[in-house]
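Summary of structural features
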Amino acid sequence: MKRTTRTLKPAVMLGTAPKDTKALAAVVGKLAANAEYERIAMDWHGPRAVEMAKRGRSLRELARATGLSPTYLSLVANGRQRISLYAIHALLCQCEGIQP
């Protein structure tokens, strides 16, 4: 019996990307449960989370506030590095104004 796998597309791939940080956090939380979704979500949400958390600040200021390195944030913002769950949590906490 041939086993088939079904590839599901997350909401962000279907054009229904979240507009605020709570919706973004909810989507990331749901997608992180599945390894394939985690890969897709982290690739797509990383640069968006960095831009949302910056709010007119430099990457260096954001790095100091989150405890992440400026180099790492730059790589994530440019899509060259996949964001970790810890990093996206720290960035979302900055968006909400709470300490991680």
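Residues numbered from 1 in each chain as written. Predicted model: local features only at pLDDT ≥ 70, side-chain atom pairs only at ≥ 80, totals over all residues. Heavy atoms only, no water.

Closest axis-to-axis distance for the helix α3 (residues 59-66)/helix α4 (residues 70-77) pair is 9 Å, and the angle between their directions is 115°. The two elements α3 and α4 cross, and the hand of that crossing is right-handed. Contacts from L59, R60, L62, A63 and T66 of α3 reach α4 at P70, L73 and S74. Looking at side-chain class alone, the contact of α3 with α4 contains five nonpolar, two polar and one charged residues. (Axes fitted to C-alpha atoms, helices over the stretch in contact; angles between N-to-C directions. Helix = DSSP H or I, 4+ residues; strand = E, 2+ residues; numbered from the N terminus. Left-handed = near helix turned anticlockwise from the far one by under 90°. Contact = heavy atoms within 4.5 Å. Nonpolar A, V, L, I, M, F, W, Y, C, P; charged D, E, K, R; others polar.)

Here the focus is helix α5 (residues 85-96). If you check α5, its first and last C-alpha atoms are 16 Å apart, about what 12 residues at 1.5 Å a residue would give, namely 16 Å. Every buried residue of α5 is accounted for by A87, I88, A90, L91, L92, C93, Q94 and C95. Directly beyond the C-terminal end of α5, a positive phi value near 75° is found at G97. (Expected span 1.5 Å × (residues − 1). Buried < 20%, exposed > 50% of the residue type's maximum accessible area, 1.4 Å probe, protein only.)

Attention now moves to the nonpolar core. With 18 residues, the main nonpolar core has V50, L62, Y72, L73, I83, I88 and L91 as its most contacted residues. Take this core: its biggest share by element is five residues, from α5. For L91, the residues in contact, after removing those within four places along its chain, are A49, V50, A53, L62, T66, L73 and I83. (Core = buried A, V, L, I, M, F, W, Y, C linked by side-chain atoms within 4.5 Å.)

Moving on, we get to α4. Every buried residue of α4 is listed here: Y72, L73 and V76. Looking down the long axis of α4, one finds its buried residues gathered within 95° of arc, a one-sided arrangement. (Arc of directions from axis to C-beta.)

Mapped onto the elements of the fold, T66 is located in helix α3. Among the polar contacts made by the side chain of T66, one reaches the main-chain amide nitrogen of L68 at a distance of 3.4 Å. Once you skip the residues sitting within four places of it in the chain, T66 turns out to touch L73, Y86, A90, L91 and Q94. (Polar contact = N/O pair within 3.5 Å; in protein donor to acceptor, adjacent residues only side chain to side chain.)

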